[in-house]
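# Architecture at a glance
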Amino acid sequence: MAAKAGAFSDIQDTFFAYVRDIKYATLITVDRKNRPRARVLFPVWEVVDGHPVGWLAAYKTPIKTAHLAGNPHTTYAYWSPRQNAAFVDSVSAWAEDEESRHHAWDLYVKGSPPGLGYDPAQYWRGGPTDPQYHVIRIDPWRIQLVRGADLRSTIWYPDS
């Protein structure tokens with residue numbers, strides 16, 4: 001049975017340690033026929049008012065756009081060979097405003113959490129105003145952490 005975390009702060013250090021170690025997440029969306037699609041991406045994370053918020057720099061492909069428009073519920077799955085895992089069930093949406101684009105860019109550059117990030121100019125040479133650079137905001141509604149050493153699981157819900 002999984003333990004319940006009462007506040008994100010109860011799992012924050014472990015969550016950030018896992019995502020820093022694993023780095024890449026498998027993003028799962030569903031199409032209009034409810035068929036899953038997975039792709040590997042690199043979100044960054046911060047805490048806003050005690051809750052985790054993720055940001056994903058991405059190309060705005062027709063498939064991602066259609067999937068998020070049809071069903072914004074997504075899962076970001078992290079897994080390491082040590083069997084540590086994090087599953088982030090969330091609502092994801094394109095953040096088109098200039099402030100969000102710049103904010104996410106800055107989080108990638110500085111590393112958020114510290115130790116997790118990269119220079120997005122490697123992909124978008126025009127900086128945060130590059131027309132090919134887009135941002136997805138990730139608002140988790142559930143996070144499950146699984147510790148590989150003993151498969152102990154902890155689940156956080158915002159309302160728990």
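In what follows, the structure referred to is the one given above.
Below or above, wherever it landed, is the structure these notes cover. (Residues numbered from 1 in each chain as written. Predicted model: local features only at pLDDT ≥ 70, side-chain atom pairs only at ≥ 80, totals over all residues. Heavy atoms only, no water.)

The next subject is helix H2 (residues 62-70). Residues of H2 that are buried include every one of Lys64, His67 and Leu68, and no others. An end-on view of H2 places all buried positions within 95° of arc, on one side of the element. Away from its buried face by more than 90 degrees, H2 exposes Pro62, Ala69 and Gly70. The secondary structure elements touched by the buried residues of H2 are strand E2 (25-30), strand E3 (36-41), strand E5 (51-58), strand E6 (73-79), strand E7 (85-94) and strand E8 (134-147). (Buried < 20%, exposed > 50% of the residue type's maximum accessible area, 1.4 Å probe, protein only. Helix = DSSP H or I, 4+ residues; strand = E, 2+ residues; numbered from the N terminus. Arc of directions from axis to C-beta. Contact = heavy atoms within 4.5 Å.)

On to the packing of aromatic side chains. A ring pair, where both rings are aromatic, is described by two values, the distance of the centres and the angle of the planes. Scanning all chains against the criterion turns up 13 aromatic pairs. Aromatic pair Trp105 and Tyr133: ring centres 5.1 Å apart, planes at 85°, arrangement edge-to-face. With Trp105 in helix H3 (residues 98-110) and Tyr133 in the loop between H3 and E8, the pair connects residues that are 28 residues apart, well separated along the chain. Summarising the aromatic geometry, the rings of Tyr118 and Tyr123 are spaced 5.7 Å apart at their centres and angled 85° between planes, so their arrangement reads as edge-to-face. On the basis of relative accessible area, Tyr123 is assigned to the partly exposed category, the value being 46%. (Phe/Tyr/Trp six-rings, centres within 6.5 Å; stacked < 30°, edge-to-face > 60°.)

A word on the pattern of salt bridges. Scanning all chains against the criterion turns up six salt bridges. One salt bridge connects Asp21 with Arg82, and the closest N-O pair in it is separated by 2.3 Å. Here Arg82 lies in the loop between E6 and E7 and Asp21 lies in helix H1 (residues 12-22), a separation of 61 residues in the sequence. For Asp21, a relative accessible area of 41% corresponds to the partly exposed category. (Salt bridge = Lys/Arg side-chain N within 4 Å of Asp/Glu carboxyl O.)

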